[in-house]
Amino acid sequence: MPRETWAKQSLGATHRLVKESRVLLVGAGGIGCELLKNLVLTGFGEIHIIDLDTIDLSNLNRQFLFRHEHIKKPKAIVAKEVAQAFNKHVTLVPYHANIKDKQFNLEWFSSFNLVFNALDNMDARKHVNKMCLAVDVPLIESGTTGFRGQVQVIKKGQTACYDCTFKSTPVTYPVCTIRSTPSQPIHCIVWAKSYLLPELFGTAEDEAPDLDTAEDSENAKEIQKLKEEAQALKKIRESMGSETFARQVFDKVFSEDIQRLANMEDMWKTKSPPQPLSWDSLEQEASSVPLTILEQNQTVWSRAENFVVFKDSLERLAKRLANDQAEASKANLPAPLITFDKDDDDTLDFVIASANLRAIIFGIDPKSKFDTKQMAGNIIPAIATTNAMVAGLCAMEAFKVLRQDFARTKYLWLRNGSLSTDQLEKPNPECPVCNVVSVIVHVDLEKATLKDLVHDILKTKLGYGEEITVMNDAGIIYDPDLEDNLERKLTELGIDDASFILVKDDEDEPRVDLQLAVLAKQATEGQNPIAIAEKEGHTVELPKKPKKDSSASATDVPKNDGAEASMTNGINGTNGNDVSVNSTTKRKRALSDAGESGTPVAKKLQGAVGPAATNDAIVIDEDDGTLVIADD
């Protein structure tokens, strides 16, 4: 009897829609494995699976498609091979890649009937949400945190999108605690991940979200000291690649800085002072330690073993950055950075060893590789049954979506095995993502300049006046006081295929915000390098912004306050690429550091755009105070 027999009997006419569907599954982890099984057994016609991760030993307890022999292999590839055996009549297309890669552009997203999000990363979630809204493809968003889970259908213009609801912000750590008086392993891990690694291989870390840079007097002093230390590290960074580089870093952060702290006797009246480490002593201790120690994930490494891993990972990262810089220089690209990724062995090993050495200095118990990866990568050991239940709910909602029966779709909540439902909310009128006029523009990336966009499209085609602001994720690229970029190509301003451009009208009676979704398309001879992709019989309409009700409270929020909406596989936070400006006044003025409400104004972008460093943060669960970290 064919696998699909029972599904066909249960679904009736809907099964034809299922067989003819072309769907995208983003993520092949805990939820993704369960959901792929459901889709394959139900008979979904064509399923594309994308995941950038490889299989780790820690995945095997809940990601049932994977076995021990699959470790280190790409999740998407193995998931396809294993799941194909369930139903040979289903077409499976895997991608071992990042969903944010340029190959997955608007045209590619528009080829699907439905998209499923099974992600552990808020930034990627926001990206998929924005792409689906731009091409009007339904999205089913899902997430789990321990015994809790949620499923949400997102349909442009009909339901709230992922960005419509508030996502609670991550907990931060005072700089004084991280720099001077750590008392927990997480303090040492944040120091290694969000201070030492970026200072050596990324950007200055005094702006990291993991560190509380509030301008109180005590913290301000610590921030100043942090900046002074950063300057010293910058000088050491210049010696990267030399034989003495590792020793210079070690002596600076594990000996000189620690000795200076230990000499501040007032700080240690009630506790033991930190004990500096000696490079020469550790080198003798570590003389017989093999690099095979890296394979011992569950063991807490000794002082000497951490020293060996520190030196090895530092050398790996130095060589990697040198190679990346050489390639970038040849291609005339911005200087590359190395940022932390829990699945990047080089950065993970460096953070583990650095954090453990610092923990030993301050008398704190060091952590194993497994435990450190969980804490640094924001991972909570997921519950396999929760993933299975959420995946089943995703499939059930998918049948309604394929029938275009959005009126019957629900917000589904799973709490400790109990299922509850709620009506899907309407789009939030204040949402910066879905409550804008969204238009796809065809852009010849080899020719198009900012002037083509501003003068030919915005002012001539759409009738904007002089008072407009144009920005991308990196900041403001045009306003009446910033015309230097007009002759530059859009690619020089960080705009590429699948990029988004936001246009704000700053006139006295402004029109609603306009979002331009870029679709790369070569222009024929005589054509404008930028053109609006208008549907036949439709023109772009930009209504005026409704006047705000002065009686509304500034603290009003949608009915769903985000306490549950923040349940996204344990990750809570804000997208570091989000920008906001105070658009209530004219642009013919100098931009202040903050708008009237205290919201920082988007920075002006005049230089080349480099990759932005992102930092995840450990989050405190509001219910019981436990650390909430994400499933990978």
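About the criteria used
- Residues numbered from 1 in each chain as written.
- Predicted model: local features only at pLDDT ≥ 70, side-chain atom pairs only at ≥ 80, totals over all residues.
- Heavy atoms only, no water.
- Helix = DSSP H or I, 4+ residues; strand = E, 2+ residues; numbered from the N terminus.
- Buried < 20%, exposed > 50% of the residue type's maximum accessible area, 1.4 Å probe, protein only.
- Contact = heavy atoms within 4.5 Å.
- Areas by Shrake-Rupley, 256 points an atom, 1.4 Å probe, with all protein chains shown as cover.
- Pairing = 2+ DSSP bridges.
- Axes fitted to C-alpha atoms, helices over the stretch in contact; angles between N-to-C directions.
- Core = buried A, V, L, I, M, F, W, Y, C linked by side-chain atoms within 4.5 Å.
- UniProt positions renumbered as here; feature names shortened; annotations may be inferred.
- Polar contact = N/O pair within 3.5 Å; in protein donor to acceptor, adjacent residues only side chain to side chain.
- Salt bridge = Lys/Arg side-chain N within 4 Å of Asp/Glu carboxyl O.

Once that is clear, we can look at the overall build of the chain. Within the chain one finds 16 helices and 18 strands. Taking all 632 residues of the chain together, 53% fall into the buried category. Counting contacts in the chain only where the partners sit at least 6 residues apart, residues at least 24 apart contribute 70% of the total. For the chain, the accessible surface area stands at approximately 28900 Å², while carbon and sulfur atoms represent 49% of it.

Sheet strands associate in pairs through backbone hydrogen bonding, adopting either a parallel or an antiparallel arrangement. One open sheet holds the eight strands; their spatial order is 3-2-1-4-5-6-9-10, and the pairing between them is mixed. The sheet is open, and its two edges are formed by strand 3 (91–95) and strand 10 (418–423), each paired on a single side. Strand-to-strand twist in this sheet, taken as the mean axis angle between neighbours without regard to direction, amounts to 15 degrees. Examined bridge by bridge, strand 2 (residues 46–50) and strand 3 share five bridges and lie parallel to one another. Bridge pairing in strand 3 links glutamate 46 to threonine 91.

Further remarks concern the nonpolar core. Burial of nonpolar side chains together is a common tendency in soluble globular proteins. Counting residues in hydrophobic clusters, the biggest one holds 54 residues, and the most contacted among them are Leu200, Phe201, Phe250, Phe254, Phe310 and Leu314. Looking at this core, the element that brings in the most residues is helix 8 (residues 185–201), giving 11 residues. Ignoring any residue separated from it by four or fewer positions in sequence, one finds phenylalanine 201 in contact with Arg237, Met240, Phe245, Leu314, Leu317, Ala318, Leu321, Leu337 and Ile338. Formed by 44 residues, the second largest nonpolar core is a distinct cluster that contains Val151, Val153, Ala398 and Val401.

This part takes up the UniProt feature "binding site: Zn(2+)" (unreviewed entry) in the chain. Under the present numbering, the feature "binding site: Zn(2+)" (unreviewed entry) in UniProt falls on Cys161, Cys164, Cys431 and Cys434. A stretch of 274 residues holds the annotated residues, and the largest C-alpha distance among them is 8.5 Å, short enough that they meet in one place. For cysteine 161, the location among the structural elements is in the loop between strand 6 (148–154) and strand 7 (173–174). We classify cysteine 161 as buried; its relative accessible area is 0%. Dropping the residues within four chain positions of it, cysteine 161 is found in contact with Asn129, Leu133, Gln152, Ile154, Cys431, Val433 and Cys434. Accessibility expressed as a relative area gives 5% for cysteine 164, which makes it buried.

Structurally, aspartate 257 is set in helix 10 (residues 245–262). For aspartate 257 and serine 180, which are 77 residues apart along the polypeptide, the C-alpha to C-alpha distance reads 9.5 Å. Only 2.7 Å separates the side chain of aspartate 257 from the side chain of lysine 252, close enough to count as a polar contact.

The next subject is the pattern of salt bridges. Taken as a whole and assessed by the stated rule, the structure comprises 34 salt bridges. The salt bridge involving glutamate 34 is made with lysine 37; its shortest N-O contact spans 3.3 Å. Taken together, the residues glutamate 34 and lysine 37, both in helix 3 (residues 30–42) and three residues apart, mark about one turn of the helix. Between aspartate 53 and lysine 342 there is a salt bridge, with the nearest N and O atoms lying 4.0 Å from each other. Placement of aspartate 53 in the loop between strand 2 and helix 4 (75–84) and of lysine 342 in the loop between helix 12 (303–330) and helix 13 (345–361) is noted, with a sequence separation of 289 residues between them. Grouping residues by exposure puts aspartate 53 and lysine 342 together as buried. When salt bridges with common partners are traced through the structure, they connect Asp312, Arg316, Arg320, Asp344, Asp346, Asp349 and Lys369 into a single cluster.

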